[in-house]
Every structure is written in C-alpha cells, then in structure tokens.
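Spelled out from the first residue to the last, the chains are:
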Amino acid sequence: MTYATLANLTDRFGEAMLVSLTDRGEFASGTVDVTVVNRALADTDAVIDGYLARRYALPLSVSQPLLTDIAEAIAIWKLHTSEPDPKIEADQKAAIVMLKDISNGVIALTAAGIEAPSTGGTGVQFTDRERNMTQDNMTGLI
C-alpha cells in the first residue's frame, strides 16, 4: 500500500519545492522528476511497513490519515540530497517516533491487527513438592 502520493507531497510542500529537490538532471527541466519522487515514496513505504509489520496485517486495507502524514514527512526528508531545513528534520524525527509508538502499541490504527506471538503456555502453573510431614508420619509427635 502506498501511504502518500506525488499529489499529497505537492499539496503539502508545493510544486516549487519538489522541482528544486527532484530536478537533478544535467540540464534543469523545471519540472518534478516523478521517478525520483516515486523512489522516495517506495523507500518511505518500506520504512513504514517495517514498523507496522510487527503489529498489523499488511498491506493495510484502509487508508490511514496518520500514516499519510508520516509518509509525507519521511518522503520529503528522503528527497533532500543535502542537509534539510530544521523543520523538515524535526518532522522526520517526529514521524519515526510515531512509527515506534505505533509498533509498540502506544498509538493504535483503525486496521486489522495480528495476534501477538503465543508462548505456548495456558497461564500460570504451580508444581508443589511432596509433603514430608503428614498426619500419618507425625503420629505421636502431636
């Protein structure tokens, strides 16, 4: 499942920014290089799936707005070839923190989850040793 699209990135960051980040040819074309954007989005999807796979059945069947926001923050960070703006850096770090929280169950998505791995046990079990002092062998002492 693709969590963000070129249209999402254009809406959030503007076409001018995407042109400046993706127009990497020898001669500037003045347009967004869709191949570069798609590679960043695919890399972003892989990162998100890596965190989600622990808790959710993939691919997700329902679009999650939170994941779109996270994907946009990570993808725009990935498009930078040099040090990004501090805001973009902070957004990417916050997105990774949210992914960790989703993976650990702190933040829940409205998607089908997977069962937690079972230990094979059915609960707490106690094993008691044989009693050395019983009514029968204590006769005469009590």
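First, a word on scope: everything that follows refers to the structure included in this document. Every value quoted in this text rests on a predicted model; they were computed, and no experiment measured them. Along each chain, residues carry numbers from 1 onward, in the same order as the chain's sequence is written. The predicted nature of this model means local features are confined to residues of pLDDT at least 70 and side-chain atom pairs, given and counted, to a pLDDT of 80 or more, with totals for whole chains, interfaces and linings taken over all residues. To obtain the side-chain values, all non-hydrogen atoms of the structure were included, while hydrogens and water were left out.

1. Considering the side chain of Thr22
Starting at the N terminus, helices and strands are each numbered in turn, a helix being any DSSP run of H or I of at least four residues and a strand any DSSP run of E of at least two. Counting through the fold element by element, Thr22 comes out in helix 2 (residues 15-22). Relative accessible area serves as the criterion here: at 0%, Thr22 is assigned to the buried category. In protein, a polar contact means a hydrogen-donor-capable atom and an acceptor-capable atom, both N or O and within 3.5 Å, with residues adjacent in sequence counting only if both atoms are side-chain atoms; elsewhere, any N or O pair within 3.5 Å suffices. A polar side-chain atom of Thr22 sits 3.0 Å from the main-chain amide nitrogen of Asp33. Any pair of residues with heavy atoms lying within 4.5 Å of one another is described as a contacting pair. Beyond its immediate sequence surroundings of up to four residues, Thr22 is in contact with Thr31, Val32, Asp33, Val36, Val37 and Leu79. Each residue is assigned to one of three classes by its accessible area relative to the maximum for its type, calculated with a 1.4 Å probe on protein chains only: buried under 20%, partly exposed between the two thresholds, exposed over 50%.

2. Quick word on the nonpolar core
The set of buried Ala, Val, Leu, Ile, Met, Phe, Trp, Tyr and Cys residues whose side-chain atoms join them within 4.5 Å is what this entry labels a nonpolar core. Judged by nonpolar contacts, the single largest core of 30 residues is most densely connected at Leu9, Ile48, Leu52, Leu67, Ile70 and Leu79. The element that contributes the greatest number of residues to this core is helix 4 (residues 65-79), accounting for eight residues.

3. Let's talk about unusual backbone geometry
The amide bond that connects Leu58 to the next residue, Pro59, takes the cis arrangement and shows omega of -5°. Mapping Pro59 onto the fold places it in the loop between helix 3 (34-52) and helix 4.

4. Quick word on the packing of helix 4 against helix 5 (residues 86-104)
Between helix 4 and helix 5, the shortest axis-to-axis distance is 8 Å and the interhelical angle comes to 135°. Here helix 4 is positioned oblique relative to helix 5, judged by the angle of their axes. Between helix 4 and helix 5 lies a crossing of left-handed hand. On helix 5, the residues that touch Leu66, Leu67, Asp69, Ile70, Ala73, Ile74, Ile76 and Trp77 of helix 4 are Ile88, Glu89, Asp91, Gln92, Ala95, Ile96, Met98, Leu99 and Ile102. For the contact of helix 4 with helix 5, the residue count by class is 13 nonpolar, one polar and three charged. Angles here are taken between N-to-C directions and fall from 0 to 180 degrees, while the axes themselves are lines fitted to C-alpha atoms, restricted in helices to the stretch in contact. The scheme is simple: roughly parallel for angles under 35 degrees, roughly antiparallel for over 145, roughly perpendicular for 65 to 115, oblique for anything else. Two helices crossing with the near one rotated counterclockwise from the far one by less than a right angle form a left-handed crossing, whereas a clockwise rotation gives a right-handed crossing. Residue polarity follows a fixed list, in which Ala, Val, Leu, Ile, Met, Phe, Trp, Tyr, Cys and Pro are nonpolar, Asp, Glu, Lys and Arg are charged, and the others, Gly among them, are polar.

5. As for helix 5
Each turn of an α-helix holds 3.6 residues, which means side chains three or four residues apart point in the same direction. Any helix carries an expected span of 1.5 Å times its number of residues minus one. In this model, helix 5 (19 residues) spans 27 Å end to end at C-alpha, consistent with the 27 Å of a helix rising 1.5 Å per residue. Looking at the packing, one finds that the buried side of helix 5 touches helix 1 (6-13), helix 2, helix 3 and helix 4. Its side-chain oxygen 2.9 Å from the backbone nitrogen of Lys87, Asp85 forms the N-cap of helix 5. Remark: Gly105 follows helix 5 within two positions and exhibits a positive phi of approximately 85°.

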